[in-house]
Amino acid sequence: MSKQHNQPPANPLILGKMGSAYGIRGWLKVFSSTEDAESIFDYQPWFIQRAGQWQLVELESWKRHNQDMIIKVKGIDDRDAAGLLTNCEIVVDSEQLPELDSGEYYWKDLMGCQVITTEGYELGKVVDMMETGSNDVMVVKANLKDAFGVQERLIPFLDEQVIKNVDLTTRTIKVDWDPGF
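Rules used in this analysis
- Residues numbered from 1 in each chain as written.
- Predicted model: local features only at pLDDT ≥ 70, side-chain atom pairs only at ≥ 80, totals over all residues.
- Heavy atoms only, no water.
- Helix = DSSP H or I, 4+ residues; strand = E, 2+ residues; numbered from the N terminus.
- Contact = heavy atoms within 4.5 Å.
- Buried < 20%, exposed > 50% of the residue type's maximum accessible area, 1.4 Å probe, protein only.
- Pairing = 2+ DSSP bridges.
- Core = buried A, V, L, I, M, F, W, Y, C linked by side-chain atoms within 4.5 Å.

Draft legend 1. Structural context of the environment of Glu152. Mapped onto the elements of the fold, Glu152 is located in strand β11 (residues 152-156). Each C-alpha atom, one on Glu152 and one on Val127, is 9.5 Å from the other, the two residues being 25 residues apart in sequence. In this view, Glu152 contacts Val139, Val140 and Ala142; residues no more than four positions away in its chain are not counted.

Spelled out as C-alpha cells, the structure:
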C-alpha cells in the first residue's frame, strides 16, 4: 500500500528552506541543505508547516538562477502569495531518502555522535560537517575538560583510514586519530 501523499511525514527531515519571493509571478528562492544542492529536488513530496498544519508543496518547476535556485510552487502565482512561504522549512519524510551503501552516512546521522579514538580517548561530539575538495571533514567540539586543551578538532571522514567504526545505535564514531591534533 502506498502512503497517501497528504499524510504528514512520519519521520520529518528538514532539507532546506524557502527564501524570499523572486519576481512577480510567484517564484521563490530556495536554500538547500543537501550535500549536493540540487538533490533536494529528488525527494518529493515536500511538506511545510503553516499555522501548525502540515501542507503538501507541489513544485511546478525549478531552475538555477545565478548563484541561487528558484522554484515555482503550484498555486502560488504572485509575489504576495510567494512571500507567505518565505522562511518555511522544507521537510520530507526521511523514509523517502535512498538506502545508502555500507560505509556511507547521511550527515544528519553523524551530528551529535561521540568521537572516540581506538585507544578509548573521547575527542568530543560532531557539531558540523564540512565539504572540502577531497573529502568530508567532521568538526568535533572537544569536551570541556580536554586533556590536550583543544576546543575543536577537524577530523577527515576517511573510511577505514581514519574512521574505524560508526555505530549509529550507540551514536559513537571510532577513529584512528591523535588527540593532540
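Draft legend 2. The arrangement of the pairing of strand β6 (residues 68-73) in detail. Here β6 lies mainly inside the structure; 5 of its 6 residues are buried. As defined by bridge partners, strand β5 (residues 59-65) adjoins β6 across 6 bridges and the pair is classed as antiparallel. Across the sheet, residue Leu59 finds its bridge partner in β6, namely Val73. Hairpin connection between β5 and β6: a loop of 2 residues separates the two successive antiparallel strands, and Asn66 in this loop has a positive phi of roughly 50°.

Draft legend 3. Main features of the nonpolar core. Counting residues in hydrophobic clusters, the biggest one holds 23 residues, and the most contacted among them are Met18, Phe41, Trp46, Ile71 and Val73. Among the secondary structure elements, those contributing two or more residues to this core are β1 (12-22), β2 (27-32), β3 (46-50), β6 and β7 (89-93). The element that contributes the greatest number of residues to this core is β1, accounting for 4 residues. By size, the runner-up hydrophobic cluster in this structure holds 15 residues, among which are Leu123, Val126, Ile155 and Ile163.

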